[in-house]
Amino acid sequence: MPESDHYPIRAWPWRTQLRDTYRVLFVPVTLAVVASATRFFHWPWGLALGACLGMLPSYVLGTPSRMPIAPGDSATIDHWLAAHKHVHDARGWVPRLPRNAYFDS
């Protein structure tokens, strides 16, 4: 594959990810909700452990990533994003959804 067609995708550094307040608070708040529900409803702790482990794939798959884009490809990518219900604002391209429905990344 020619080098110009190769776009390596890399996860953002931890320091950058920690600026996303919603993402950073998601796991501790969810763990607190599961622990409280387990205590309040007297669920077995195995169920709580399963709930906590079950949310990890969505957290890992939602890791913000980046990739370099060749200058000539940016117009094509902008067109694709606009055609697939994204809007461009101060944060860059974001889904056309309510703010609390997606992470800052």
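Residues numbered from 1 in each chain as written. Predicted model: local features only at pLDDT ≥ 70, side-chain atom pairs only at ≥ 80, totals over all residues. Heavy atoms only, no water.

Caption draft 1: Representation of the environment of Val34. Along the polypeptide, Val34 turns up in helix 2 (residues 21-41). Considered as a pair, Val34 and Trp45 are 11 residues apart in the sequence and their alpha carbons are 9.9 Å apart. In this view, Val34 contacts Ala48, Ala51 and Cys52; residues no more than four positions away in its chain are not counted. (Helix = DSSP H or I, 4+ residues; strand = E, 2+ residues; numbered from the N terminus. Contact = heavy atoms within 4.5 Å.)

Caption draft 2: Main features of the pairing of strand 3 (residues 86-89). Direction of pairing for strand 3 relative to strand 4 (residues 92-95): antiparallel, over a ladder of four bridges. From the neighbouring strand, His88 faces strand 4, where its bridge partner is Trp93. Here strand 3 folds back onto strand 4, and the loop between the two strands holds two residues. (Pairing = 2+ DSSP bridges.)

Caption draft 3: Molecular detail of the environment of Leu47. Counting through the fold element by element, Leu47 comes out in helix 3 (residues 45-61). C-alpha separation for the pair Leu47 and Arg23, spaced 24 residues apart in sequence, amounts to 24 Å.

Caption draft 4: Seen up close, the side chain of Thr38. Along the chain, Thr38 turns up in helix 2. The exposure class assigned to Thr38 is buried, which follows from its relative accessible area of 2%. Within the structure, the side chain of Thr38 is placed 2.7 Å from the backbone oxygen of Val34, a separation counted as a polar contact. Thr38 has contacts with Trp43, Pro44, Trp45 and Ala48, leaving out every residue within four places of it along the chain. (Buried < 20%, exposed > 50% of the residue type's maximum accessible area, 1.4 Å probe, protein only. Polar contact = N/O pair within 3.5 Å; in protein donor to acceptor, adjacent residues only side chain to side chain.)

Caption draft 5: Summary view of the environment of Ala32. Along the chain, the position of Ala32 falls in helix 2. Here the alpha-carbon distance between Ala32 and Leu61, two residues 29 residues apart in the chain, equals 21 Å.

Caption draft 6: A look at the packing of aromatic side chains. Counted by the stated rule, this structure contains two aromatic pairs. On the basis of an interplanar angle of 80° and a centroid distance of 4.9 Å, the ring pair of Phe40 and Phe41 is categorised as edge-to-face. For Phe40, a relative accessible area of 61% corresponds to the exposed category. Linked through ring pairs, Phe40, Phe41 and Trp43 together constitute an aromatic cluster. (Phe/Tyr/Trp six-rings, centres within 6.5 Å; stacked < 30°, edge-to-face > 60°.)

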